[in-house]
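Working through the structure, step by step
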Amino acid sequence: MAGRPPGPMSTGHRPDPAHPLAERMRPQHLDEVAGQAHLLAAGAPLRLLLESGKIPSLVFWGPPGVGKTTLARLIAQHTEAEFLTLSAVLAGVKDIREAVAQAQALRQGLAPRRTVLFIDEIHRFNKAQQDALLPFVEDGTLVLIGATTENPSFELNAALLSRLRVFVLRALEEADIAALLRRALCDRERGLGLREDALPASWLARIAEAADGDARRALVLLETAVELSRAERGSGAADEALLEKLIGRGLRRFDKQGENFYDQISALHKSVRGSDPDAALYWFARMLDGGVDPVYLARRILRMSIEDIGLADPRAQQLCLQGWDTYERLGSPEGELALAQAVVYLACAAKSNAVYAGYNAARELVARTGSLEVPVHLRNAPTRLMKDLGYGREYRYDHDEAGALAAGQEYFPERLRGTELYAPTTRGLEIKIGERLAQLRAARGGKS
């Protein structure tokens, strides 16, 4: 059944003034949706699907307060489908079966209708609950719309994910939130019904900033700000001190167990590797602000010194160890400065992953070549039998040789003779290491 062309569509529903502002201001047609132009603008994927009337099962993935539930409602409204909703926090297989039974009844009725089943926080469903949806998504009994703040490729099983289209929703821009706040402030039917100048423009801008891309949070802050202002002033007037008291310490998007966490540590590591101390400090501060354990950061920073600086500047590893030790002695917040110092040093240091690459190559070589015998001249000979078998007989003690180097002596198994795994860079201390290594390899008769 083809749907109507997207555009202003009234639900005919008058919001209850007792409901929170965020619920009253929930968009009632697509043109009210803030942001998400990459999905809803003319020619964008979701807009084209709505225009065709062919709505597949899908999942909306994005941070809180960006319109996942709202879009699910609007899709059901636009396609004239029955809208059922479950929360994965509370629902189980029994609730899924009841929803399926209702959908089957609607599908087989005198006036057949499609059913959109919206599951909020679908990532909280276990495998059995997700599997229970499969046959009914497959045969079209349900149009499943899931909402998740977590990466679907990690949280949904492959069988269900293969039947869903994933749409990524983005955090709202401050300009989008500011426009939403002005509309909520002035709307007499659904909003607060005040004049636009009831709150200073600086207030609206500050709330939009503090909302951190979350429309719901912005509207909660706006509603609370107006109530507090009236309580303290007896009017809608406001002052900056009251605003800061309301907003307090802003909360940035961060989840110690979620993708945001791993994205940010990745950004920190890559900023260090890319020799950008400013960006590295920014991501370091973002993670501390989000509540990450500084000891975790100390461990990761030490890893960076080994993986990305290595022998180009061996002091980096020692500085990171000292920074970690300093943090353990001082604690937060003073000790965090020592970790910040390590971050800046790493970003500015000469870079080399030569040891890291050589180690990985050695591991791959070991896995590929198996248990090759130790050359006889390198074997230890603690017993007479081992000596009689020639263990260690032809070994030349390097300290007894000119330049403390037994020229031509081989240390690899015969099959791997001449293998090179460590290739120093031409940066930092590895310049000198590379020059010395070339001399050593030439003296041993290996490749230079």
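Just so it is clear, the model here is predicted, and its values are computed rather than measured. Starting from 1, residues in each chain are numbered consecutively following that chain's sequence as written. Thresholds applied to this predicted model are a pLDDT of at least 70 for local features of residues and 80 or more for the giving and counting of side-chain atom pairs; totals over whole chains, interfaces and linings are not thresholded and use all residues. Only hydrogens and water are set aside; all other atoms, that is, all heavy atoms of the structure, feed into the side-chain values.

Concerning the overall build of the protein
Put simply, the test is: In DSSP terms, a helix is any run of H or I states spanning at least four residues, a strand is any run of E spanning at least two, and both are numbered starting from the N terminus. Throughout, exposure labels follow a simple rule: accessible area from a 1.4 Å probe, protein chains only, divided by the maximum for the residue type, with under 20% read as buried, over 50% as exposed, and the rest as partly exposed. Working rule for contacts: check all heavy atoms of both residues, and any pair within 4.5 Å makes them a contact. Each accessible area value is a Shrake-Rupley result obtained with a 1.4 Å probe; residue values ignore everything except the protein chains displayed when judging cover.
Counting secondary structure elements, the protein contains 20 helices and 5 strands. When each of the 448 residues of the protein is scored for burial, the buried share is 42%. For the protein, contacts bridging at least 24 residues in sequence account for 70% of all contacts bridging at least 6. Of the roughly 23,900 Å² that the protein leaves accessible, carbon and sulfur atoms contribute 54%.

Observations concerning unusual backbone geometry
With an omega dihedral of 0°, the bond running from Ser332 to Pro333 counts as a cis peptide bond. For Pro333, the position within the fold is in the loop between helix H16 (315–330) and helix H17 (336–348). Phi at Glu121 is positive, roughly 55°, even though this residue is not glycine.

Details of the sheet that holds strand E2 (residues 82–87)
Note the cut-off: DSSP-based pairing: two strands are paired if at least 2 bridges between them are found. Axes here refer to lines fitted to C-alpha atoms; in helices the fit is confined to the stretch in contact. Angles between the N-to-C directions go from 0 to 180 degrees.
The 5 strands lie next to each other as E2-E3-E4-E1-E5, forming an open sheet whose pairing is parallel. Looking at strand neighbours, the two that pair on one side only are E2 and strand E5 (165–168), the edges of this open sheet. Pairwise comparison of adjacent strand axes, ignoring direction, gives a mean angle of 20° for this sheet. Of the strand pairs in this sheet, E2 and strand E3 (residues 115–120) are connected by 6 bridges, and their pairing is parallel. Along E3, the bridge assignment pairs Leu84 with Leu117.

Things to note about the packing of aromatic side chains
Here the distance between the centres and the angle between the planes together describe a pair of aromatic rings. Inclusion rule: Stacked, tilted and edge-to-face are the three classes assigned to paired rings of Phe, Tyr and Trp, where Trp is represented by its six-membered ring and a pair needs centres within 6.5 Å; plane angles under 30 degrees give stacked, over 60 edge-to-face, the rest tilted.
Tallied over the entire structure, the rule returns 3 aromatic pairs. Ring centres of Phe60 and Phe167 lie 6.2 Å apart, and the angle between their planes is 45°; on these two criteria the pair is classed as tilted. With a gap of 107 residues between them, Phe60 in strand E1 (residues 58–61) and Phe167 in strand E5 connect regions that are remote in the sequence. Assessed through its relative accessible area of 0%, Phe60 is described here as buried. Since its relative accessible area comes to 4%, Phe167 is described here as buried.

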